[in-house]
Amino acid sequence: MAGKVTQADRIAVLEAAGFTVLGEADDASGVTPLAAIKAAASGGVVPRVRIDSDDDADDVLDRTEQAWRDTGRDVGLFDADGACLICLTGPGASTLPWVRARPPERGGFLPVFQERTSTFEFVAVSPTGSPIVAVSEEEYEHWVVVTSVEDRR
C-alpha cells in the first residue's frame, strides 16, 4: 500500500490475511489507535517475547505470529468471540478507527501483512482498552510487547 492508509485498505488486508472483520470502533474504552501505538512504541517498553530475526530462518514470521497469539491469549487480549481491536501501522493508520476482528485459526497472516503493507507491524487492544499487545521489528529481533496506556503515563 503506497501512500496514506484508508480504512477500506486496512479491512482488505485483514480479510486477505484471513481475519473475520466484525466491525469498527473509534476507541476501546477510551484507548485510540494513536494512544495504543504511542504506548507500544514508548522508550520504556520491554518486550514480553523476543524472536531472533537475524538467523535467516524461514519460520521467523510464523514464530512471531504464534508468540503474538499465545501472548494475547495469556494476557486476555481476545473477547468471548475470540476478537480484538487491531490497527495495522502505516501513514495515516493511527487516525483511523480500530477494526474489530477475529484472527484466522490457521497461521500465516503476518506474511500477508508484510506483502500488502511492506511491514508486519501492528498493534491490537482488548475491547476493554487493556491490554495492548503489539508486534514490532527492532534491529535483529521481532518483539511482542504487552503494555497499556496507563503504564505509559
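Presented here is a report on the structure given in the accompanying data block. (Residues numbered from 1 in each chain as written. Predicted model: local features only at pLDDT ≥ 70, side-chain atom pairs only at ≥ 80, totals over all residues. Heavy atoms only, no water.)

Brief notes about the layout of surface pockets
Part 1: In this model, the largest pocket occupies a volume close to 250 Å³.
Part 2: If you trace the largest pocket, you find 16 residues lining it, with Ile37, Ala40, Ala41, Ser136 and Glu138 closest to the centre.
Part 3: Only α2 (33-41), β5 (122-125), β6 (132-138) and β7 (141-147) provide two or more residues apiece to the lining of the largest pocket.
Part 4: For the lining of the largest pocket, the element with the highest residue contribution is β6, accounting for four residues.
Part 5: Split into classes, the residues belonging to the lining of the largest pocket amount to 10 nonpolar, four polar and two charged. (1 Å grid on protein atoms, 1.4 Å probe; cavity = no way out; pocket = protein on both sides within 12 Å on 5 of 7 lines; lining within 4 Å. Points joined across faces, edges and corners; volume = space filled by probe spheres on them. Helix = DSSP H or I, 4+ residues; strand = E, 2+ residues; numbered from the N terminus. Nonpolar A, V, L, I, M, F, W, Y, C, P; charged D, E, K, R; others polar.)

Looking at the packing of aromatic side chains
Part 1: Counting across every chain of the model gives eight aromatic pairs.
Part 2: When the ring of phenylalanine 19 is compared with that of phenylalanine 109, the centres are 4.9 Å apart and the planes differ by 75°; the resulting orientation is edge-to-face. Within this pair, whereas phenylalanine 19 is found in the loop between α1 (7-16) and β1 (20-25), its partner phenylalanine 109 is found in helix α4 (residues 109-117), the two being separated by 90 residues in sequence. An identical accessibility class is assigned to phenylalanine 19 and phenylalanine 109; each is buried.
Part 3: Where phenylalanine 19 meets phenylalanine 113, the ring centres are 5.8 Å apart and the plane angle is 20°; that geometry is what we call stacked. Of this pair, phenylalanine 19 sits in the loop between α1 and β1 while phenylalanine 113 sits in helix α4, placing them 94 residues apart in sequence.
Part 4: By relative accessible area, which is 1% here, phenylalanine 113 ends up buried. (Phe/Tyr/Trp six-rings, centres within 6.5 Å; stacked < 30°, edge-to-face > 60°. Buried < 20%, exposed > 50% of the residue type's maximum accessible area, 1.4 Å probe, protein only.)

Everything listed is a geometric property; what it means functionally is a separate question.
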